[in-house]
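Spelled out, the chains give:
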Amino acid sequence: MTVYFIGAGPGAADLITVRGQRLVEKCPVCLFAGSLVPQEIVTAAPDDALVLDTAPMHLDTIIEEIEKAHREGKDVARVHSGDPSIYGAIAEQMRRLDSLGIDYEVVPGVPAFAGVAAQLKTELTLPEIAQTVIITRTGMKASSMPDGEQLELLGQSGATLAIHLSIRNLDYVRNALSPHYGEDCPVVIAYRATWPDELYIKTTLAEMKQEVRKAKLTRTALIMVGPVLGDVAFRDSALYDADYSHVLRNAGKKKNREAV
């Protein structure tokens, strides 16, 4: 028996990986995060499968269901949103399974920031504009941030930021990042990215709180910050430059000399 921690992707049901979908289709037990995983994904479970929404459950009851499946020799599809390695709360589940001697595997999924970039048709790493993407959150009621990971420090990098779980903390986001990015830095508030009711607010650090209030967003939104989200001039990447050589391709000028 194996427990499969499966990343279901950011929202659209067809963004789950082929591996993840096949596991959902065959596992006799399916535990899924109901508020974040499309119902369409779990309806693919076998007709006689036990399918449980874990949103109202706590860790002990989730592990109890897994233990029961273990005793019965039934594989479990444990379906999380996005990629389970990012704010997936799977570490404590795997720790419990380790102590119980229950086997498990992790199946990666499309993370939310990648889903947002795809919908916006935006590259998050433009030459000489930003070559780093930081996935982070802000300290809220549930937990604080470790020392050294506050936005005031991360913002010094000028990197593209994907800020999770912070839609109610916009004053802090603005105050922490404005000294580094400027008040007019492009911001995208992505609500339920890739879902049928998705919404993208293109704004700035200075205006984002006002725009979010207008849209009445209070949850399930990702804050993207950085110059790459605006209209910026950038040079072409060297990757496909005719004069740039690498192990799989000679530079165009060198080819021309050899041809002569």
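In case you missed it, the structure is sitting above this.
What you see is a predicted model, and the numbers here were worked out from it, not measured in a lab.

(A) Representation of the overall build of the chain in the model. Per the secondary structure count, the chain includes nine helices and ten strands. Dimensions along the principal axes, computed over C-alpha positions, put the chain at roughly 70 × 55 × 35 Å. Across the 260 residues that make up the chain, the buried fraction comes to 42%. Accessible surface, the chain: about 14,300 Å² in total, of which carbon and sulfur atoms supply 49%.

(B) Region of interest: the nonpolar core. If you look at the biggest cluster of nonpolar residues, it comprises 23 residues, and the most contacted ones within it are L177, I189, L205, I223 and V225. Ignoring any residue separated from it by four or fewer positions in sequence, one finds L205 in contact with V173, R174, L177, S178, Y181, G182, E183, C185, V187 and V225. Counting 19 residues, the second largest nonpolar core, distinct from the first, contains A8, C27, A33 and A77.

(C) Spatial organisation of the pattern of salt bridges. The tally for this structure, following the rule as stated, stands at seven salt bridges. The salt bridge involving E128 is made with R235; its shortest N-O contact spans 2.8 Å. Note that E128 is positioned in the loop between α5 (112–120) and β6 (133–137) and R235 in the loop between β10 (221–225) and α9 (252–259), a separation of 107 residues in sequence. A salt bridge links E211 to K214; the nearest nitrogen and oxygen atoms lie 3.6 Å apart.

(D) Structural context of the layout of surface pockets. A volume near 1,400 Å³ is recorded for the largest pocket. In terms of lining, the largest pocket is formed by 47 residues, of which the most central are L36, S81, Y87, L165 and T220. When contributions to the lining of the largest pocket are tallied by element, the ones reaching two or more residues are α3 (59–71), β4 (76–80), α4 (91–100), α5, β8 (186–191) and β10. Per element, the largest residue contribution to the lining of the largest pocket is three residues, and it comes from α5.

(E) Highlighting the sheet that holds strand β9 (residues 199–204). Ordered by their spatial adjacency, five strands build an open sheet running β6-β7-β10-β8-β9, and the pairing between neighbours is mixed. The two strands at the open ends of the sheet, each matched to only one other strand, are β6 and β9. Each adjacent strand pair in this sheet contributes to an overall mean axis angle of 20°, direction not counted. As paired elements, strand β7 (residues 160–164) and β10 share three bridges and run antiparallel to each other. By the bridge assignment for β10, L161 is matched with V225. Its contacts with the sheet place α5 against β6, β7, β8, β9 and β10, and it is angled at close to 70° to β10.

(F) Broad picture of the side chain of D83. With respect to the helices and strands, the residue D83 is situated in the loop between β4 and α4. One buried charged side chain, D83, makes no salt bridge at all; its nearest oppositely charged neighbour is R19, positioned 11 Å away. Side-chain polar atoms of D83 contact the side chain of S85, separated by 2.3 Å. At 3.0 Å, the side chain of D83 and the backbone nitrogen of G109 are in polar contact. Beyond its immediate chain neighbours, meaning those up to four positions away, D83 contacts P108, G109, V110 and P111.

(G) Here's a closer look at the pairing of β4. Across the five residues that make up β4, a large majority, five, are buried. Neither face of β4 is exposed, since V76, R78 and H80 on one face and A77 and V79 on the opposite face are all buried. The pairing of strand β2 (residues 29–32) with β4 spans four bridges and is parallel. Bridge assignment links V29 to a residue of β4, and that residue is V76.

(H) Quick look at the environment of L165. Tracing the backbone shows L165 in the loop between β7 and α7 (170–181). The exposed category is assigned to L165, whose relative accessible area is 54%. On a C-alpha basis, the gap between L165 and L217 in space is 12 Å, while along the polypeptide they are 52 residues apart. Ignoring sequence-local partners within four residues, the contact set of L165 consists of Y87, R137, T138, M140 and A221.

(I) Main features of the packing of aromatic side chains. With the rule as written, the count across this model stands at one aromatic pair. Geometrically, the ring pair formed by F5 and Y104 is edge-to-face, given 6.0 Å between the ring centres and 80° between the ring planes. Placement of the pair is F5 in strand β1 (residues 2–7) and Y104 in strand β5 (residues 103–107), with a sequence separation of 99 residues. For F5, a relative accessible area of 0% translates into the label buried.

About the criteria used
- Residues numbered from 1 in each chain as written.
- Predicted model: local features only at pLDDT ≥ 70, side-chain atom pairs only at ≥ 80, totals over all residues.
- Heavy atoms only, no water.
- Helix = DSSP H or I, 4+ residues; strand = E, 2+ residues; numbered from the N terminus.
- Buried < 20%, exposed > 50% of the residue type's maximum accessible area, 1.4 Å probe, protein only.
- Areas by Shrake-Rupley, 256 points an atom, 1.4 Å probe, with all protein chains shown as cover.
- Core = buried A, V, L, I, M, F, W, Y, C linked by side-chain atoms within 4.5 Å.
- Contact = heavy atoms within 4.5 Å.
- Salt bridge = Lys/Arg side-chain N within 4 Å of Asp/Glu carboxyl O.
- 1 Å grid on protein atoms, 1.4 Å probe; cavity = no way out; pocket = protein on both sides within 12 Å on 5 of 7 lines; lining within 4 Å.
- Points joined across faces, edges and corners; volume = space filled by probe spheres on them.
- Pairing = 2+ DSSP bridges.
- Axes fitted to C-alpha atoms, helices over the stretch in contact; angles between N-to-C directions.
- Lys, Arg positive; Asp, Glu negative; His and termini not counted.
- Polar contact = N/O pair within 3.5 Å; in protein donor to acceptor, adjacent residues only side chain to side chain.
- Phe/Tyr/Trp six-rings, centres within 6.5 Å; stacked < 30°, edge-to-face > 60°.

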